[in-house]
Structures are given as C-alpha cells and as structure tokens.
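# Structural description and commentary
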Amino acid sequence: MDGQNDGSGGVCSRPHGAATDGKKKKKEERKEKIPDRVTLKKEIGLLSACTIIIGNIIGSGIFISPKGVLEHSGSVGLALVVWLLGGCIAALGSLCYAELGVTIPKSGGDYSYVTEIFGGLMGFLLLWSAVLIMYPTTLAVIALTFSSYVLQPVFPNCVPPYMATRMLSATLLLTWVNCSSVRMATRIQDVFTVGKLMALGLIIVVGLVQIFNGNYEALTPQVAFSLDRTPSVGQIALAFLQASFAFSGWNFLNYVTEEVVEPRRNLPRAIYISIPLVTFVYTLTNIAYFSSMSPEELLSSNAVAVTFGEKLLGMFSVIMPISVALSTFGGINGYLFTSSRLCFSGAREGHLPSLLAMIHYRNCTPIPALLVCCTATIVILCIGETHNLINYVSFINYLSYGVTIAGLLYYRWKKPNLYRPIKVNLLVPVCYLMFWALLLGFSLYSEPVVCGVGLVIMLTGVPVYFLGVHWKEKPKCIYNFIERATYVGQRLCFVVFPQIDPIEISRHLLLVWELPV
C-alpha cells in the first residue's frame, strides 16, 4: 500500500513496486541497441570510397615488381609511356563502370551488371569463377606477401617457415574486423591507404632529390628511348598487361554500391579522383626508381622498393619492407570487404545459398559471406600452388572486364530510353574493348594452356548452375537439408535477411519504368 508505515516510525517514500520498475529500466538500458531496420549500412562517404579504390589498386606490385613492364618494353622511356597509358586504360574502364554503377545501383560489381544484362547463366559463371578461385587466390597471394615481409627481419638470411607465413597471414584477424563493423573496416582501409601513399611519397621525394642533384641520365630522351632490342608487338602487349594488372582493383567500389552514401554522386567522384591520382603516383614512383637504379639493377631485383631503400635510405632502409607489409595488410582488408559483398549479392539473386544473403542483426555485416571468403582463402593458402593459380586468375579477371563493358553497349541498345545519370561517350567503351581484345588475343597466343585452363575453370560452373539454380523441382530431402543448414547458420552467426529500404524500392520501380529519379 502506498505511503504505509515501514515499521520503524517512518513512512515509505516510494510506491510499492518502484524498485522492480527501476531494475527493469536499468536492464533495458544495458541492452545492446538493435537498429530499427536491419539493412546494409550506408557508411562509405567520398573519402572512404576513394580509399577503397586507391587501397585496392595499390598493393604489393608497385613495391616489388615493376620490372615486368621494363623487361617487356625494352627501354626506360617506353616503360614510362606504358605506365601512363595503363592508367588511361584503367580510367576508360572505370568511366564505363561509373555509368553501370549508377544505372544498375546494386552491390556486386561485374556479377550484378552481367546478370542484369545477359541473364543468370552468364552472371553465375562470373560469380562461380570469382568465388571459387579468383578472389581466394588473390587474397592468398597478398596474405603471403604480407607475412613474408613481416617475418623478413626475423629470418634475414633464409626463407620464412611454411607454417609461420600461413599463421601470420592476417586473414582471420581482418575477417573478424569486417564481421564486427563496417565503420572499423573502412577506417582501417583509410589509415592503411594513407600509409601506402606516404611510403610511395617517400620514394618519390628521394627520387626527386636525386634528380635535382643531377642523377637523371637514365631519364634523358637520348638514353631513355635507346633500345638494345626492338620489342615486338607481342612484347609491348605483355608490357601493357603487366601495367594493367598493377592497376587492377579500379572497379572494386562497384562491389559495395549499396553501402555508398549518395552513390550517384560519390561513385563517379571517387573514380575521377582516384584513378588520376594513382596514375600520377605510379608514374612518379617509376621515375624515382630510374633516377637511382640502372635498368640492369632494376631487372635483377625481386623487390625493387627494398633494393631502392637499401641503396639510398641507409639505416632507414627497413622502412621499405614495413611499407610493403602495410600495403598488403590494407590490400587484404579491401579484398575481404569487397569479395564478401559479391557473395552476398550472388546469394540475394538466388545463385548461392540464401544464408550468404543474411547480415548480422546488430552490426549489419554479411558474416556468412565473410566466413566463406575467409575459408576459401585459407584452403588456397594450405594448397600452396598460388603462383600457378594466379595465372588463371589473371585471364578470368580480364575476361570479366571485357564482358561487362560489352554489356554496357548491349544495354544501351536493349534499353535506349532508360534513365542514366551518367552516360559516357560511345568512344570510351569502344576504345577500351579494342585494347582489351588486343591484350586477350596476345594472351591466348602466348599462353594458350593457361588461358585454356582458366576458361575450363569458368565453364565448370555450367553444370553447377543447371543443377543448383535452374533445376527447381529438387527432391524434398534436399530442400529440408538446405532449410536445416540455413537455420543452424542463422543461430550460429545471429544473422537475418536485410530489410529493404522503401526509398530504394521506389527508385527501383522508377528504373524499371525507365523514368528519371
């Protein structure tokens, strides 16, 4: 009873049951906040969008082996021209992807565009090759590069132990980070991208000091374009191929379109900022290399940046291996972040198990998709044949670029009245496809076995598609097993299907009816 005597001559100052209500209130306050709507978070602003592109392009390649371009081009001057033109080709491709990204505003990049334009089978083949071999192999190579450079000071005179390089690959750590928070993952990408640019900035500054001190003989036109041998057209094509692989990653922002803030504005802006910046940095870095190293020294080095540091930085030469390690650490994070969204998009389209289309109820991260990417990478790491697999990956990767940009031209013809916030000149995709066909042709001519195996890997997805996706009348026991496995996965990962944004539904309907948004 309210206000009753408490037995000590006093009167209770609070009503009956208030203590219980207070405990309940405190308990509710301690509960973790669950978002009102479970969906992928739009936390990638313009800065993070730029760092995703730059961070995925700048990997270990520019630090370790720019010698491939010099080896095939035959001269310093021609090598620099190839680097510049390689950046221009990447810019052409990224302009095409900017149009596709704002016209088909879905995460998943090449896969989503090819599925939308050419149908399920073509999209599934890209998805199959990417999930099975392309991204796990690339991640494994980057992870091994990271662990090798971290362990280099511990094992200066020998190759690091096999198990040590696998244990320190950072894949598990960064998978945990990406599962925990989108914001944490993007902040790591921001920080390590700045670290990469600072390392390259150090190389460029030291190189410019060398040039101002008069050490630029190799860069004078008479010396730079002197040829010991005249390279064939095939050699020039291979030099471009080497440079193009160094620029790979320019399309990665398209894999996370749905998490970009105002993608129709920030997606093209990020591309316009990032690609010219990377091209500028790559070219200046190579000029810095040539200012202090002869072509013979560069060709004999397996880690150009490390050789550069040992020659010019003296006691500070340890900065270069650390820079490579930081660069590859950021690269692992970027590849995990984007490749998991590819799995997520594939599952949402019904091409992969539905569990992979689910996100954590509180963190809003695609945990099942991240775990699949991590597991596939660990399997490739244990197999150990990464350098053979990477040759097949390169062919599949380049093939997917060409098919996607060819899809842009077909989509223009198929839906001429569709509203396109960005519409590039037709010369842009045509020029890119001409260059692409040239490189692919010379790849097939020079490495028919490698290209053939890459094509076979992709085509193994045909029976999988018809059995797993196209065949709808499966036995009930199969559906029961899938349902049970999905239920167990949900309970283990605390994941649910994301809720659809009503604004995105209205935009999608407007796009279907080919009206401006």
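One can find the structure itself at the top, above this paragraph.
Residues numbered from 1 in each chain as written. Predicted model: local features only at pLDDT ≥ 70, side-chain atom pairs only at ≥ 80, totals over all residues. Heavy atoms only, no water.

## A short note on the overall build of the protein
A count of helical and extended segments in the protein gives 23 helices and two strands. Each of the 517 residues in the protein was classed as buried or not, and the buried ones make up 50%. Contacts spanning at least 24 positions in sequence make up 82% of the contacts within the protein whose residues lie at least 6 apart. Of the roughly 24,400 Å² of accessible surface on the protein, a fraction of 66% belongs to carbon and sulfur atoms. (Helix = DSSP H or I, 4+ residues; strand = E, 2+ residues; numbered from the N terminus. Buried < 20%, exposed > 50% of the residue type's maximum accessible area, 1.4 Å probe, protein only. Contact = heavy atoms within 4.5 Å. Areas by Shrake-Rupley, 256 points an atom, 1.4 Å probe, with all protein chains shown as cover.)

## Considerations on the nonpolar core
Counting 125 residues, the largest nonpolar core has Phe63, Ile203, Leu253, Tyr282 and Ile332 as the members making the most contacts within it. Contacts of Ile332, omitting those with residues within four sequence positions, involve Leu139, Ile142, Ala143, Phe146, Ser169, Ala170 and Leu174. Among the nonpolar cores identified, the runner-up in size contains seven residues, and Cys179, Leu355, Met358 and Val495 belong to it. (Core = buried A, V, L, I, M, F, W, Y, C linked by side-chain atoms within 4.5 Å.)

## Things to note about the packing of helix α7 (residues 120-151) against helix α21 (residues 461-470)
Running from amino to carboxyl end, α7 crosses α21 at an angle of 115°, the nearest separation of the two axes being 9 Å. Relative to α21, the crossing made by α7 is right-handed. Two secondary-structure elements touch here, α7 through Gly120, Leu121, Phe124, Leu125 and Trp128 and α21 through Gly461, Val462, Val464, Tyr465 and Val469. Residue composition of the contact of α7 with α21, grouped by class: eight nonpolar, two polar and no charged. (Axes fitted to C-alpha atoms, helices over the stretch in contact; angles between N-to-C directions. Left-handed = near helix turned anticlockwise from the far one by under 90°. Nonpolar A, V, L, I, M, F, W, Y, C, P; charged D, E, K, R; others polar.)

## Comments concerning helix α15 (residues 304-312)
Restricting attention to buried positions, one finds in α15 the residues Val304, Ala305, Val306, Phe308 and Gly309. Taken from the residues just after α15, Gly314 is the one with a positive phi, measuring 60°.

## Some words on the state of the cysteines
Evaluated as defined, the whole model comprises zero disulfides. Here Cys374 stays unpaired: no disulfide links it, and the sulfur of Cys179, its closest cysteine neighbor, is 8.2 Å away. (Disulfide = S-S within 2.5 Å.)

## So, the pattern of salt bridges
Counting across every chain of the model gives seven salt bridges. Arg412 is paired through a salt bridge with Glu99; the nearest N and O atoms lie 2.8 Å apart. A residue pair is termed long-range when its members are at least 10 positions apart, and Arg412 in helix α18 (residues 386-414) and Glu99 in helix α5 (residues 76-103) qualify at 313 residues. Each member of the pair, Arg412 as well as Glu99, is classed as buried. (Salt bridge = Lys/Arg side-chain N within 4 Å of Asp/Glu carboxyl O.)

## A look at the packing of aromatic side chains
Any pair of aromatic rings gets described here by the distance separating the centres and the angle formed by the planes. Tallied over the full model, the rule gives 23 aromatic pairs. Seen in terms of ring centroids, Tyr361 and Phe494 are 6.4 Å apart; in terms of plane orientation they differ by 55°. Their pairing is tilted. Here Tyr361, found in the loop between β1 (359-360) and α17 (367-383), pairs with Phe494, found in the loop between α22 (476-493) and β2 (495-496); they are 133 residues apart in sequence, far enough to count as distant. Taken together, a centroid distance of 5.7 Å and an interplanar angle of 40° make the contact between Tyr410 and Trp413 tilted. A residue pair is termed a helical-turn pair when its members lie 3 or 4 positions apart in one helix, as Tyr410 and Trp413 do in helix α18 at three residues. A relative accessible area of 33% means that Tyr410 is categorised as partly exposed. Classification of Trp413 by relative accessible area gives exposed; the value is 66%. Counting every residue linked through ring pairs, the aromatic cluster contains Tyr97, Tyr113, Trp250, Tyr398, Tyr401 and Tyr432. (Phe/Tyr/Trp six-rings, centres within 6.5 Å; stacked < 30°, edge-to-face > 60°.)

## With respect to unusual backbone geometry
Notably, Glu262 is not glycine yet its phi reads approximately 45°, a positive angle. The partly exposed category is assigned to Glu262, whose relative accessible area is 44%. Unusually for a residue other than glycine, Cys364 sits at a positive phi of about 60°. Mapping Cys364 onto the fold places it in the loop between β1 and α17. Look at Cys364 and you get buried, because its relative accessible area is 1%.

## Describing the side chain of Thr115
One can find Thr115 in helix α6 (residues 110-118). With relative accessibility at 15%, the residue Thr115 sits in the buried group. The residues contacting Thr115, other than those within four sequence positions of it, are Gly120, Gly123, Glu349 and His351.

Spatial relationships are all this shows, so hold off on functional conclusions.
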